[in-house]
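# Survey of secondary and tertiary structure
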Amino acid sequence: QVQLVESGGGLVQAGGSLRLSCAASGRTFSSMGWFRQAPGKEREFVAAIAYIRYYADSVKGRFTFSRDNAKNTVYLQMNSLKPEDTVVYYCAADSTISIATIRNHARYKYWGQGTQVTVSS
């Protein structure tokens, strides 16, 4: 059974840092991503990793996506957090995803349960 389990969310002051983790079980994935979603809005691309890393412009330079293949776990290091980063973050995974569609949430089959990140001003 495939599972993605996120952890690491929480409350932090603006300018602070958090590190999200996503542990996969049941299989390995060549493509994994992080998305976020505010209430009533569409799920938004944050970062992804396939052969290289991809970032949304809104987080480029602040967030870093990394993976530990031995642990089948990916991480999202979030620095210089802003109040507008306050949303639920989701980990996603699938087999090899093309560069053209890696930012598209509909392309991912497997999802974690989400973890809340709250940044206070």
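### Side note on the state of the cysteines
- Counted according to the given criterion, the structure contains one disulfide.
- At a sulfur-sulfur separation of 2.1 Å, the disulfide partner of Cys 22 is Cys 91. On the sign convention where negative is left-handed, the bridge of Cys 22 and Cys 91, at about -75 degrees about the S-S bond, is left-handed. Residue Cys 22 is found in strand E3 (residues 18-25), and its partner Cys 91 is found in strand E9 (residues 87-94); the two are separated by 69 residues along the sequence. Cys 91 carries the same exposure label as Cys 22, and that label is buried.

### A short note on the packing of aromatic side chains
- For the structure shown, the criterion picks out six aromatic pairs.
- Note on Phe 35 and Tyr 108: the rings are 5.2 Å apart at their centroids and 75 degrees apart in plane angle, and the pair reads as edge-to-face. Of this pair, Phe 35 sits in strand E4 (residues 31-37) while Tyr 108 sits in the loop between E9 and strand E10 (110-111), placing them 73 residues apart in sequence. Residues Phe 35 and Tyr 108 agree in their burial class; the two are buried.
- What links up through ring pairs into an aromatic cluster is the set Phe 35, Phe 45, Tyr 90, Tyr 108 and Trp 111.
- The ring of Tyr 90 has Arg 43 sitting right over it, with the charged end atom 3.8 Å from the ring centre.
- The aromatic ring of Trp 111 is capped on one face by Arg 43, whose charged end is 4.6 Å from the ring centroid.

### Comments concerning the pattern of salt bridges
- In total, this model carries five salt bridges according to the counting rule given.
- Measuring nitrogen to oxygen at the nearest pair gives 2.9 Å for the salt bridge that ties Glu 44 to Arg 36.
- Look at Arg 36 and you get buried, because its relative accessible area is 6%.
- The residue Arg 62 makes a salt bridge to Asp 85 at a minimum N-O spacing of 2.8 Å. Taken together, the residues Arg 62 in the loop between strand E6 (53-55) and strand E7 (63-68) and Asp 85 in the loop between strand E8 (73-78) and E9 connect sequence positions 23 residues apart. Accessibility assignment for this pair places Arg 62 and Asp 85 in one class, buried.
- When salt bridges with common partners are traced through the structure, they connect Arg 36, Glu 44, Arg 62 and Asp 85 into a single cluster.

Scoring rules and cut-offs
- Residues numbered from 1 in each chain as written.
- Predicted model: local features only at pLDDT ≥ 70, side-chain atom pairs only at ≥ 80, totals over all residues.
- Heavy atoms only, no water.
- Disulfide = S-S within 2.5 Å.
- Helix = DSSP H or I, 4+ residues; strand = E, 2+ residues; numbered from the N terminus.
- Buried < 20%, exposed > 50% of the residue type's maximum accessible area, 1.4 Å probe, protein only.
- Phe/Tyr/Trp six-rings, centres within 6.5 Å; stacked < 30°, edge-to-face > 60°.
- Lys NZ or Arg CZ within 6 Å of the ring centre and 35° of its normal.
- Salt bridge = Lys/Arg side-chain N within 4 Å of Asp/Glu carboxyl O.

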